[in-house]
Amino acid sequence: MKLSSAPEAIINALQNCIKRFPVAVAFITALTLFLIFLIIDDEKTLSGQANGTIVYYLSVGYLLSLTLRLWAEDGRKQRTVLIVNIVAHLLLLADAFYIYHTTGDERQTNWELYVAHAATILSLWLSLFFLSFFKERDNIASWNFTKRLILNSIICYFIGNVLSGGFVLLLTSFNFLFNIDLGYKWMLIAETLIGMLLPTLLFLGRIPQGEQKFDRKPLDSNFLNAVIRYLFLGLEGLYIIVLYIYATLILIRWELPNGKVSMLVVVSMVGLILIEFGLYPVRKLQNKNTDNFIARYLPVAILPLLLLMTVGIIRRFSDYGVTISRLYLITLNLWFYFVCITLFQTKARRINWITISFALIFLLTSAFPINYFSITRNCMDSKIRKMLYSTDMIRVRKFPLNERQYKHLLHILTKEEAVELNDKMRYMREYFGSHYTDAYVKDTTEVYFYYDFLSDTPSQSTIVENYYIGNGCEDFAIDISEGYEKIFRVYTPTVTVPSNQNIVQLVAEFRGEALDTVFVNLDTLRAHKHSMPAPFPLPCASNHNIYMVTHFSISPLNDSRTNKVESIMVDVTGFILQKK
């Protein structure tokens, strides 16, 4: 390109993007203006929820408009294109309203909503590369289009980042050259205009069209061929060899595979897919037997290794039950089987179906009413209900439990049952929000975020626990090397005593049975009320035990008639250290 034609090329690219993608340009321009408004306004006018929804709508609207325009260029009827565009944009608008009204509930974590939209946006983004090429007899045209699209985006956004960085540096220099402080807002505006809007418009103007869009000539790149054959294929071979050696060893020892082997299998499959895509153009161009053999039989070599991943996942299901990540992992494993078998059967004549099938499966398992989140939630809820209603204590109490009742419940259960129940409650709250645990435990209770069962026999002289004071969490260490062998997390009931009583006796229970009697001096508690750096000891009736306080509260109760302190409610939490 001549130097004199460079400005003309940039102007043509900008004019082309406006003529070819007017709706997409409108969305990206609106997004830019809205971001500038947020910068100037400091996000004061609208709520963060409204700002996020508008940014989502404009961003996805840009991607949707671009995808539909590329699809419409493939000889579609104008009426069909118009109807599809109207319906798609109305659905997006309705989705934006749904997001705005759903994400306001602080009791929900919205992970299900986020993953569902991530699957939808991924499918929409992948359709940019493949939607216009379903009628092609092979995948060369879409391969070339994808390559140009990716290279153009890298070049345009690199140019935008360099220009915005240079412009921001120029604005910064005003401060030390002329003692003029322009402030950070001008720099953010410059980055938005030059680093986002300009490269996006250049990218749109450089999207291939016409014969260039449907270029059916296979790419002949010696560099790409060398990288795939001698680097990627070599590393893939090392992975396969290592995994086969490991599979042989566990067969000889007759033991189950390590759960972390799944990561190596996933990396091997990613390498396989990259090799298949990298070899595709040269296979179509040269039709060498060696390349065709690799494309067809490399999946066969990996196929037995997928069993390692399958066994590891089944073992985790058996040991720990259903979780969201395990459902996605087993689905990914089954998809790997599908990819390997299909590549062998079809001799890898087409490859676009690999990414398309991945996006469809992700969409089906995430974006519909019955999805992996809802399945996991129902399984967890059913298990929690079964565990709670099978406990004798629950039959005489009403839901929701308070913190004290929940702690007592964990103590009367066996260690395994208590840990399982607590983990499931914590999982439900973490991934689905307090809305789904409020029916069982009051939403003011944070006990299952930190409550933990210690082993009856410590394995080291220092045991580290977590304890809460108010809303804060700190760590403490207890040295139990002086003859103490066992540690018990005990339950002590809340008691109410007269205001003039200073010594309180509490019965410490462990799994429903009295372990010892603790002597509580209220003056000792008051001395630690405002400064509790670490647990402190209280004496027990047995000389072999000592009670360590990790949390306490002293609440005065006033007489309703005289408004004078009549009694004191004492609540103490801790554990007992026991000697031989």
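These figures come from a predicted structure and were not determined experimentally.

Q: Quick one: what's the story with a positive patch on the surface, residue by residue and with numbers?
A: A cluster of basic side chains, namely Lys284, Lys347, Arg349 and Arg350, defines a positive patch on the protein surface. The topology assignment puts Arg349 in the loop between helix H12 (324-346) and helix H13 (352-366).

Q: Please give an account of the nonpolar core that cites residues and values.
A: Within the largest apolar cluster, 41 residues are counted, with the highest numbers of intra-cluster contacts made by Phe21, Tyr62, Leu66, Leu70, Phe203, Leu204 and Ile207. Every element with two or more residues in this core is listed here: helix H2 (22-41), helix H3 (48-72), helix H4 (78-102), helix H5 (111-130), helix H6 (140-178) and helix H7 (184-205). Broken down by element, the residue count for this core peaks at eleven residues, all from H3. When near neighbours in sequence (up to four residues on either side) are disregarded, Leu70 contacts Arg20, Phe21, Leu128, Ser132, Phe145, Ile207 and Lys213. If you look at the next biggest cluster of nonpolar residues, it comprises 37 residues, including Ile240, Ile294, Ala295 and Ile354.

Q: With reference to specific residues and values, describe the layout of surface pockets.
A: Computed from the structure, the largest pocket encloses a volume of approximately 1,000 Å³. Lining the largest pocket we find 42 residues, and of these Ala116, Thr120, Ile121, Leu363 and Ala367 sit closest to its centre. Elements with a minimum of two residues in the lining of the largest pocket: H3, H4, H5, H13 and helix H16 (415-432). Looking at the lining of the largest pocket, the element that brings in the most residues is H5, giving twelve residues. A class-by-class count of the residues in the lining of the largest pocket yields 28 nonpolar, eleven polar and three charged. Considering only enclosed or pocket space, the second largest pocket measures out at about 670 Å³ in volume. Among the elements of the structure, H5, H6, helix H8 (222-253), helix H9 (261-286) and H13 are those that each provide at least two residues to the lining of the second largest pocket.

Q: Describe H9, naming the residues involved and giving the relevant values.
A: In an α-helix, one turn spans 3.6 residues; hence positions three or four apart end up facing the same way. Across its 26 residues, H9 extends 37 Å between first and last C-alpha, which sits within 8% of the 38 Å expected from 1.5 Å per residue. Within H9, the axis deviates most sharply at Leu279, by approximately 40 degrees, and proline Pro281 lies no more than four positions further along.

Q: Pulling in residues and values, what's your account of a nonpolar patch on the surface?
A: Where nonpolar side chains cluster on the molecular surface, the patch consists of Ile150, Leu151, Ile154, Ile155, Phe158, Ile159, Val162 and Leu163 and spans about 720 Å² of accessible area. Position of Val162 among the secondary structure elements: in helix H6. When its relative accessible area of 47% is taken as the criterion, Val162 is described as partly exposed.

Q: Can you explain the packing of aromatic side chains? Please cite residues and give values.
A: Tallied over the entire structure, the rule returns 20 aromatic pairs. Look at Phe133 and Phe145: their rings are 5.4 Å apart centre to centre, the planes differ by 50 degrees, and that puts the pair in the tilted class. You can see Phe133 sitting in the loop between H5 and H6 and its partner Phe145 sitting in helix H6, a full twelve residues away along the chain. For the pair formed by Phe133 and Phe145, the shared burial category is buried. Consider the rings of Phe338 and Trp353, whose centres lie 5.6 Å apart with planes at 80 degrees: the pair is edge-to-face. Taken together, the residues span a long stretch of sequence, with Phe338 in helix H12 and Trp353 in helix H13 at a distance of 15 residues. The exposure class assigned to Phe338 is partly exposed, which follows from its relative accessible area of 41%. Of the residues examined, Trp353 reaches a relative accessible area of 18% and is grouped as buried. Taken together, the ring pairs in this structure connect Tyr328, Trp335, Phe336, Phe358, Phe362 and Tyr372 into an aromatic cluster.

Q: Got a sec to walk through the side chain of Asn152? Specific residues and values, please.
A: Position of Asn152 relative to the elements: it lies in helix H6. Overall, Asn152 belongs to the buried group, its relative accessible area being 10%. Non-local contacts of Asn152, meaning those with residues more than four positions away in its chain, are made with Phe203, Arg206 and Pro208.

Q: Outline the packing of H6 against H7, listing residues and values.
A: Direction vectors running N to C along H6 and H7 enclose 155 degrees, while the axes themselves pass 8 Å from each other. What the angle tells us is that H6 and H7 run roughly antiparallel. Crossing geometry of H6 relative to H7 is assigned as right-handed. Its residues assigned to classes, the contact of H6 with H7 comprises 16 nonpolar, eight polar and one charged.

Q: How would you sum up the confidence of the model for the protein? Please name residues and give values.
A: Summing up the model confidence of the protein, the mean pLDDT is 84 and the portion of residues at 70 or higher is 89%. Taken together, the stretch residues 445-477 has pLDDT below 50 and engages in 89 contacts with residues farther than four places along the chain or on a different chain.

Q: Quick rundown of the environment of Thr550? Include the residues and the values.
A: Relative to the helices and strands, Thr550 resides in strand E8 (residues 545-558). Along the chain, Thr550 and Phe536 lie 14 residues apart, while their C-alpha atoms are 7.4 Å from each other.

Q: Summarise the pairing of strand E6 (residues 513-521); cite the residues concerned and give the values.
A: Alignment of strand E5 (residues 503-510) against E6, held across eight bridges, turns out to be antiparallel. Bridge pairing in E6 places Val507 opposite Thr517. Counted between consecutive antiparallel strands, the loop separating E5 from E6 contains two residues, among which Arg511 sits at a positive phi close to 55 degrees.

Definitions and limits used
- Residues numbered from 1 in each chain as written.
- Predicted model: local features only at pLDDT ≥ 70, side-chain atom pairs only at ≥ 80, totals over all residues.
- Heavy atoms only, no water.
- Patch = residues over 30% accessible without salt bridge, like charges linked within 9 Å, V, L, I, M, F, W, Y side chains within 5 Å.
- Areas by Shrake-Rupley, 256 points an atom, 1.4 Å probe, with all protein chains shown as cover.
- Salt bridge = Lys/Arg side-chain N within 4 Å of Asp/Glu carboxyl O.
- Lys, Arg positive; Asp, Glu negative; His and termini not counted.
- Charge placed at Lys NZ, Arg CZ, Asp CG, Glu CD.
- Helix = DSSP H or I, 4+ residues; strand = E, 2+ residues; numbered from the N terminus.
- Core = buried A, V, L, I, M, F, W, Y, C linked by side-chain atoms within 4.5 Å.
- Buried < 20%, exposed > 50% of the residue type's maximum accessible area, 1.4 Å probe, protein only.
- Contact = heavy atoms within 4.5 Å.
- 1 Å grid on protein atoms, 1.4 Å probe; cavity = no way out; pocket = protein on both sides within 12 Å on 5 of 7 lines; lining within 4 Å.
- Points joined across faces, edges and corners; volume = space filled by probe spheres on them.
- Nonpolar A, V, L, I, M, F, W, Y, C, P; charged D, E, K, R; others polar.
- Expected span 1.5 Å × (residues − 1).
- Bend = angle between axes of the 7 residues up to and from the residue.
- Phe/Tyr/Trp six-rings, centres within 6.5 Å; stacked < 30°, edge-to-face > 60°.
- Axes fitted to C-alpha atoms, helices over the stretch in contact; angles between N-to-C directions.
- Parallel < 35°, antiparallel > 145°, perpendicular 65-115°, else oblique.
- Left-handed = near helix turned anticlockwise from the far one by under 90°.
- pLDDT = per-residue confidence, 0-100.
- Pairing = 2+ DSSP bridges.

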